Amino acid sequence: MALLYEKRDRIAYFTINRPEAYNAMDPETLQELSQALIDFRDDDGVWVGIITGAGDKAFCAGADIKTMLPYMREVVKGETWREPPTPMRGLELWKPMIAAVNGVALGGGTEIALACDIRIAAENARFGQPEVKLGIIPGWGGTQRLPRHIPYAIAAQMILTGEPISAQDAYRVGLVNEVVPLPQLMATAEKWANKILEVGPLAARAGKEAMLMGTSMTLEEGLRYELMLFDNCISHTEDAQEGINAFIEKRKPQWRAK
Ligand code: DAK
């Protein structure tokens, strides 16, 4: 399988599994990733996702230059309905996603990480948008998400020169939450996942939805959107009642995602 998909203890694990090609995404891998992400979105039993790459060299070297780019040129042709939906474009996924970046994240690889909420980098990670070196530009949100995540000058440096930045520089500019030695990468990603699993799952999803939807709204629209989601949480979820009860009764909440 080009994409390994497992579920354990409320966490869904996605592993891009083409280490011989630095985990570059070919059309088959993309199709499998899209299917797995849809399953994750729809499965009430899993609340947080972690995505990583197989091996110790690459998270994902982007689109497979030999197969995927020709496929996009000849089949997709800019018609996004032909493109399997993913959080990079076309799939609304409000469950929290963590990228465990275990090596190079180039092109589509950086864009996958950008579509996650938390990014943990191994010390050997590198982030880059080298598309311009191929005569193209990022096509999975890099030109839009990168300058929203980090200072424009650094985004411009990456997108206009195609040169990657190190894990430490990614941390310095706020692209990643933590940098750890490679052997500690998955345990660190799981630590973050378990931290998120301690909070109300529907609240985490609503918080993510409010943040992401709000980025393309005016402040006034965003405040209204937030209020709608807040009202839904407080008035219509059992979790909110449970969270309030647990605080008053001095116990841990038992979340049900209801
Ligand atoms: N595609 C295909 N094969 C790749 C690859 C890639 N992206 N990256 C690496 N490989 C393969 C190499 O061809 C080589 O295979 P063999 O020759 O052994 O068969 C093997 O992996 C090892 O690579 P190297 O020999 O080059 O190893 P090095 O350690 O010297 O260098 C590297 C590793 C990852 C730094 C280097 O291979 C590299 O620069 N790779 C290219 C990275 C790149 O340019 N990525 C951007 C691709 S464009 C869109 C969605 C997505 C996208 C666009 C649109 N829409 C839905 C509209 C995304 C576009 C992209 O990502």
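Scope of this entry: the structure provided in the associated data block.

Cut-offs used in this document
- Residues numbered from 1 in each chain as written.
- Predicted model: local features only at pLDDT ≥ 70, side-chain atom pairs only at ≥ 80, totals over all residues.
- Heavy atoms only, no water.
- Near = heavy atom within 4 Å.
- Polar contact = N/O pair within 3.5 Å; in protein donor to acceptor, adjacent residues only side chain to side chain.
- Areas by Shrake-Rupley, 256 points an atom, 1.4 Å probe, with all protein chains shown as cover.
- 1 Å grid on protein atoms, 1.4 Å probe; cavity = no way out; pocket = protein on both sides within 12 Å on 5 of 7 lines; lining within 4 Å.
- Sits in = over half its atoms within 2 Å of the grid points.
- Points joined across faces, edges and corners; volume = space filled by probe spheres on them.
- Nonpolar A, V, L, I, M, F, W, Y, C, P; charged D, E, K, R; others polar.
- Helix = DSSP H or I, 4+ residues; strand = E, 2+ residues; numbered from the N terminus.
- Buried < 20%, exposed > 50% of the residue type's maximum accessible area, 1.4 Å probe, protein only.
- Arc of directions from axis to C-beta.

### Things to note about the site of the ligand
With respect to spatial proximity, 21 residues lie near the ligand, and among them Tyr-22, Ala-61, Ala-63, Ile-65 and Gly-108 are the closest. Note that a nitrogen atom of the ligand is positioned 2.9 Å from one of the backbone N or O atoms of Ile-65. Surface burial for the ligand is 65%, taken as the share of its 1,100 Å² of free accessible area covered by protein chains. In a pocket analysis with a 2 Å cut-off to the grid points, the ligand is assigned to the second largest pocket.

### Let's talk about empty space enclosed by the protein
In this structure the tally under the stated criterion is 2 cavities of 30 Å³ or more. Residue lining of the largest cavity: Leu-33, Leu-37, Ile-51, Pro-87, Met-88, Met-97, Ile-112, Ala-115 and Cys-116, and that is the complete set. Among the residues making up the lining of the largest cavity, the classes are represented as 9 nonpolar, no polar and no charged. Surrounding the second largest cavity, Trp-47, Val-48, Pro-96, Ile-196, Leu-197, Pro-201, Ala-204 and Arg-205 form its lining. At the level of secondary structure, the elements contributing two or more residues to the lining of the second largest cavity comprise helix H7 (185-197) and helix H8 (201-214). Looking at the lining of the second largest cavity, the element that brings in the most residues is H8, giving 3 residues. Taken together, the residues of the lining of the second largest cavity sort by class into 7 nonpolar, no polar and 1 charged.

### Here we look at helix H10 (residues 238-248)
Buried residues of H10: Asp-239, Ala-240, Glu-242 and Ala-246, and no others. Taken down its axis, H10 places every buried residue within 160 degrees of arc, on the same side. Positive backbone phi, at 55 degrees, marks Lys-250, one or two positions downstream of H10.

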